[in-house]
Amino acid sequence: MVKEIREIAATVNLQMQRLVESESEATKIVVKEKMEEDVEGQPGKLNLVSVVDVLTQMLLHNSVHTKIAALDWILHLYDKMPAEMSRETERVFNPALGALTDSSHEVVRRAIALLAETCTCDPTAPPVTDASQTPASNLESSPYYHKFLKALLRLLSTDESLLEERGSFIIRQLCVVLPAEAVLAALAGALAAERELRFAARLVDVLSAILLTAPELHATRRRLRSFADTSTHALFQSLYRCWAHSGVALVALCLLTHNYRHCTQLIATFGDLEITVEFLTEIDKLVQLIESPIFAYLRLELLSGEQSTELRGALYGLLMILPQTTAFHALRHRLQAAPPPLPALLPSSTQHAVPVIDFEELLAHFQRVQAAHRAYRLADRRYL
């Protein structure tokens, strides 16, 4: 009986979606003929306001299947009736944002797709089959794009478990449905001014892990590795100012972009930082990444003879900070396995520091941010 009910419900749902498709075509004809009558007020026409009200209320339902169906319906309406739905975005936005805290990955995935739709919905633009191909300039002009990112940061900062359990998933899904590099840069820009410094450092670690490992950001990683044009340099500096909340994430960014000399200078300042268990744990994770396929190119650069000196200096700096753990021995064995810095066995892919980047100013920025973190921790301890 339950199976039959579900089959009937699925059939009815499909027929209703087809009805909306025919409704949207009829609406286009009405608009084309410049009829001035209110389409929603005509007998037999879809009352979109009431439909959206019902669908958003369903997002509060206990049933996961109900919430998924409601989100699918709203997405379907955006697809078939973008002009009409663009007027309903304000009423859709907050319920969709609330769905990000749902325990179901499928609900969260669809909620992110819906929020991306609210950011990119432009009834005057030609249809885009893949929202991730939306030009970044279109996102910047959207009234909901930055509103969504700020709301997402507030949500993650107020819900610690959401950040730990779902933060990476949410951001990666966002990079699927919107241009990944634009999302990363926008989050970095918003996070650079974050006043809750503990949250900022934790989210930077999450963003760094996504940048270094997520398939969604493969193109961005390759671009940063090449470090070949001014726009890439600008992206690096934007990320640097945000990544300054986490020294280890900053080291990883410098390793990714072949800025080994600055990386060594950066690590040299770690002696002035408070070396916590969390800090050492992040270095441990970085060493594991260095030993992974992601950084295979970096390990091969140890064969670049004298040109690998700066890279060796950075890796030895990490080695000196680590206690004698598994990560310490793994990195030490890697460095011991590399030949001495004699004439290169392989050509180096290292890019020399670009003169237009003021690394001294960036390092000073990192030290200011870390000083703020130190003051924040001291103030926090006074209340314990």
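Every chain is numbered independently, its residues counted from 1 as its sequence is written. In keeping with the predicted nature of the model, local features appear solely for residues at pLDDT of at least 70, side-chain atom pairs appear and are counted solely at 80 or more, and the whole-chain, interface and lining totals rest on all residues. Heavy atoms throughout the structure, all of them, feed into the side-chain values; hydrogens and water do not.

S.K.: I'd like a rundown of the pattern of salt bridges, residues and numbers included.
M.R.: Close approach of charged atoms allows side chains with opposite charge to pair. Any carboxyl oxygen of Asp or Glu that lies within 4 Å of a side-chain nitrogen of Lys or Arg is treated as forming a salt bridge with it. Inspection of every chain in the model, using the stated rule, returns 19 salt bridges. Ionic pairing is found between aspartate 53 and arginine 91, a salt bridge with its closest N-O pair at 2.2 Å. Of this pair, aspartate 53 sits in helix 2 (residues 48–58) while arginine 91 is found in helix 5 (residues 89–98), placing the two residues 38 residues apart along the sequence. One salt bridge in this structure joins glutamate 291 and arginine 334, with 2.8 Å as the shortest N-O distance. Here the residue glutamate 291 occupies a position in the loop between helix 16 (277–290) and helix 17 (296–300), and arginine 334 occupies one in helix 19 (residues 326–337), the gap between them amounting to 43 residues. Each of Asp72, Glu106, Arg109 and Arg110 takes part in a single network of salt bridges with overlapping partners. Think of it this way: any DSSP run of H or I at least four residues long counts as a helix, any run of E at least two long counts as a strand, and we number them from the N terminus.

S.K.: Can you explain the packing of aromatic side chains? Please cite residues and give values.
M.R.: Two aromatic rings from Phe, Tyr or Trp, using only the six-membered ring of Trp, form a pair when their centres are within 6.5 Å; if the ring planes differ by under 30 degrees the pair is stacked, by over 60 it is edge-to-face, and anything between is tilted. Considering all chains together, one arrives at seven aromatic pairs under this definition. Measuring from ring centre to ring centre gives 5.6 Å for phenylalanine 93 and tyrosine 144, while their planes differ by 40°; the resulting arrangement is tilted. Of this pair, phenylalanine 93 sits in helix 5 while tyrosine 144 sits in the loop between helix 7 (136–141) and helix 8 (145–158); the two residues are 51 residues apart in sequence, bridging distant segments of the chain. Between the aromatic rings of phenylalanine 295 and tyrosine 297, the centroid separation amounts to 5.8 Å while the plane-to-plane angle is 35°, which identifies the pairing as tilted. Summarising the burial analysis for this pair, phenylalanine 295 and tyrosine 297 share the class buried. By the ring-pair criterion, three or more aromatic residues cluster together here, those being Phe227, Phe236, Tyr240 and Phe359. By definition here, charges over rings are those cases where NZ of Lys or CZ of Arg is within 6 Å of the ring centre and within 35 degrees of the ring normal. The positively charged end of lysine 147 is found above the aromatic ring belonging to phenylalanine 93, 4.8 Å away from the centroid. The lysine or arginine in question, arginine 225, covers the ring of tyrosine 297, its NZ or CZ lying 3.8 Å from the ring centre. Exposed residues in this analysis have more than 50% of their type's maximum accessible area, buried residues have under 20%, and partly exposed residues fall in between, with area computed by a 1.4 Å probe over protein chains only.

S.K.: Quick one: what's the story with helix 13 (residues 230–243), residue by residue and with numbers?
M.R.: In this analysis, the expected span of each helix is defined as 1.5 Å times one less than the number of residues it contains. Compared with an ideal rise of 1.5 Å per residue, which puts 14 residues at 20 Å, helix 13 spans 19 Å between its outermost C-alpha atoms and is within 8% of the ideal. Turning to helix 13, its buried residues number three or more, namely Thr232, His233, Leu235, Phe236, Leu239, Tyr240, Cys242 and Trp243. Should any heavy atoms of two residues lie within 4.5 Å, those residues are counted as being in contact. Looking at the buried side of helix 13, the elements it contacts are helix 10 (180–192), helix 11 (197–213), helix 12 (218–226), helix 14 (247–256), helix 15 (260–268) and helix 20 (359–382).

S.K.: Describe in detail the confidence of the model for the chain, supporting the description with residues and values.
M.R.: Confidence scores per residue from the predictor, reported as pLDDT, run from 0 to 100. Residues at a pLDDT of 70 or more form 79% of the chain, whose mean pLDDT is 83. Mean pLDDT in the chain bottoms out at helix 1 (residues 2–32), which sits at 46, and peaks at helix 14, which reaches 96. pLDDT under 50 marks residues 22–44. Its contacts with residues more than four places away, or in other chains, come to 19 contacts.

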